[in-house]
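Listed here are the chains, written in short residue letters.
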Amino acid sequence: MSSQDSADRVRESALQTASSILSLQRRVDEEIRALNKALQQRSEELATANIELQRQTETAHAQARDVEVFRIAFDSSGSGMLLVSPDLRISRVNAAFSEFIGHPMDALYTRSIADFMLPADLEVTRRGVLLLLRGDVATLHLEYPHKHASGRPVWGSVTSAVVRDTDGTPLYLIVQIQDISGRIQAEAEKRQLEAQLLQAQKMEALGTLSRAASPTTSTTSSPPSSATPSSCRSGS
């Protein structure tokens, strides 16, 4: 073999080796680019997931704050507050309602608000709650007496609204009751006084008419009559 042939084979082998190296380098570069692309995509996904996690965390914290604010407002309200299921079962009450109705708070849980209502008022309430649950009205306002533990009626101004799930399913009713017994009593006393005044005015008018219709008896003094003596004629 001549030295020229050996040189040619060396060059050919070197070219093949160089070609293989270049081919391998291209594959490596392609794989590196693919890995970089996948890494970038994964980094973007992680960044998006981190943003979503942060948003959910902030939402959870906000919801927790809202729940705490609601709990404080519910428990410390001067008005009676209740959470009631759609079938009117009590699931939560505050101290003001306990005082209003005269029962301990623990004794009120799982009871129905129907236990403290008159039948006629209960029927009106059920119809109103049905309107609330169907979404026909946003709030329901009624005034009616409640059965106090002592047996006496206590009047309440009742405002109800529905709390719904994200899909619109009713979860419970939130009910606020203000004690209006004083106002109802004052109105009753006012009506009684007005009725008494009207009766007195009628009696006075009747007395006036009676006096006007009675005959008047008057005594008139006649002047004294003077008797004129007859003239006597003497007969002769």
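See above for the structure.
Residues numbered from 1 in each chain as written. Predicted model: local features only at pLDDT ≥ 70, side-chain atom pairs only at ≥ 80, totals over all residues. Heavy atoms only, no water.

### Topic: the nonpolar core
Working step 1: Ranked by size, the top nonpolar core spans 24 residues in total, and within it L82 and F97 carry the most contacts.
Working step 2: Broken down by secondary-structure element, the contributors of at least two residues to this core are β1 (80–84), β2 (90–93), α2 (95–101), α4 (119–134), β3 (139–147), β4 (153–164) and β5 (170–179).
Working step 3: Once you skip the residues sitting within four places of it in the chain, L82 turns out to touch F74, I90, R92, V93, F97, I113, L173, I174, V175 and I177. (Core = buried A, V, L, I, M, F, W, Y, C linked by side-chain atoms within 4.5 Å. Buried < 20%, exposed > 50% of the residue type's maximum accessible area, 1.4 Å probe, protein only. Helix = DSSP H or I, 4+ residues; strand = E, 2+ residues; numbered from the N terminus. Contact = heavy atoms within 4.5 Å.)

### Section: the packing of aromatic side chains
Working step 1: Here the structure, examined in full by the defined rule, presents three aromatic pairs.
Working step 2: When the centroid spacing of 5.7 Å and the interplanar angle of 45 degrees are considered together, the rings of F70 and F74 count as tilted. Of this pair, F70 and F74 both sit in helix α1 (residues 3–76), four residues apart, roughly one helical turn.
Working step 3: The partly exposed category is assigned to F70, whose relative accessible area is 32%.
Working step 4: Arranged with centres 6.2 Å apart and planes meeting at 35 degrees, the rings of F97 and F100 form a pair that is tilted. (Phe/Tyr/Trp six-rings, centres within 6.5 Å; stacked < 30°, edge-to-face > 60°.)

### Remarks on the pattern of salt bridges
Working step 1: As enumerated under the stated definition, the model contains 10 salt bridges in all.
Working step 2: When the shortest N-O distance is used, the salt bridge between R71 and E68 registers 2.7 Å. Taken together, the residues span about one helical turn, with R71 and E68 both in helix α1 at a distance of three residues.
Working step 3: Given a relative accessible area of 38%, E68 falls into the partly exposed group.
Working step 4: Of the charged contacts in the structure, one is a salt bridge between R127 and E123, with a shortest N-O distance of 3.5 Å. On the criterion of helical spacing, the pair formed by R127 and E123 is a turn pair, its members being four residues apart in helix α4.
Working step 5: On the accessibility criterion, R127 (47% relative accessible area) is partly exposed. (Salt bridge = Lys/Arg side-chain N within 4 Å of Asp/Glu carboxyl O.)

### With respect to unusual backbone geometry
Working step 1: The backbone of L88 sits at a positive phi, close to 75 degrees, despite the residue not being glycine.
Working step 2: If you trace the backbone, L88 turns up in the loop between β1 and β2.
Working step 3: Overall, L88 belongs to the buried group, its relative accessible area being 4%.

Scope: geometric values only; no functional claims are made or implied.
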